[in-house]
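# Working through the structure, step by step
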Amino acid sequence: MVVAFKVTGGERGGWAVLHVSGELDLVTSPVLRQRVHDEVAEGRHSLVLDLSEVYFCDSSGVGVLIAARRLIRSCRGRLRLILPARGADGGTSRASEAERGGDSHVNRVLGALGVRRLFDVYGDLAEAVAEDGPEPLSA
């Protein structure tokens, strides 16, 4: 089965939003890296990466997320991730996992590598773009 990797863009409430779907791996991560660089080059320094439809992420995908964080911070910008309580594979999560950003594969990988705490994580787009919204989900 071949699953397409897609990155689509938009804007919401002053935030550039990149919706990512599919597998974030060695082959596809350069696409996301380039899209993040394009957004920053166009002057968009408040960026939300919606990873709610990413069902697989390897170390190269994590590397892109860390590089995006570094790039955005160098511009004094803001980066937020969306990792919902329900993973892209449809699995539900336990309450304690939902509080940490859910049961998504990306969340589990970030946690296993010890880098989850580097990111501001939200459960959905509305929370992520709200200026006075809830605090990011804790690690």
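In this report, we go over the structure that sits alongside the text. On a predicted model such as this, the values are computed, not experimentally measured, just so you know.

### Notes on the overall build of the protein chain
Of regular secondary structure, the protein chain possesses five helices and five strands. The buried share of the protein chain, taken over its 139 residues, is 41%. Long-range pairs, those at least 24 residues apart, make up 64% of the contacts in the protein chain with a sequence separation of at least 6. With an accessible surface of roughly 7200 Å², the protein chain has 50% of that area assigned to carbon and sulfur atoms.

### Some words on the pairing of strand 3 (residues 46-57)
Here strand 2 (residues 15-24) runs beside strand 3; their pairing, made up of eight bridges, is parallel. Across the sheet, the residue bridging to Leu-18 is Leu-49, located in strand 3. In this view, the connection linking strand 2 to its parallel neighbour strand 3 by way of helix 1 (residues 29-41) has right-handed handedness. The handedness of the strand 3 to strand 4 (residues 78-82) crossover, carried by helix 2 (residues 59-74), is right-handed.

### Looking at the pattern of salt bridges
Following the criterion strictly, the structure yields two salt bridges and no others. Glu-39 serves as the salt-bridge partner of Arg-44, at 3.1 Å between the closest nitrogen and oxygen. A residue is classified by how much of its surface remains accessible, and Glu-39, at 10% relative accessible area, is buried. Glu-42 is the partner of Arg-44 in a salt bridge, and the nearest nitrogen-oxygen pair spans 2.4 Å. By relative accessible area, which is 54% here, Glu-42 ends up exposed. One salt-bridge network, in which partners are shared between bridges, spans Glu-39, Glu-42 and Arg-44.

About the criteria used
- Residues numbered from 1 in each chain as written.
- Predicted model: local features only at pLDDT ≥ 70, side-chain atom pairs only at ≥ 80, totals over all residues.
- Heavy atoms only, no water.
- Helix = DSSP H or I, 4+ residues; strand = E, 2+ residues; numbered from the N terminus.
- Buried < 20%, exposed > 50% of the residue type's maximum accessible area, 1.4 Å probe, protein only.
- Contact = heavy atoms within 4.5 Å.
- Areas by Shrake-Rupley, 256 points an atom, 1.4 Å probe, with all protein chains shown as cover.
- Pairing = 2+ DSSP bridges.
- Right-handed = clockwise from strand over helix to strand, strands pointing away.
- Salt bridge = Lys/Arg side-chain N within 4 Å of Asp/Glu carboxyl O.

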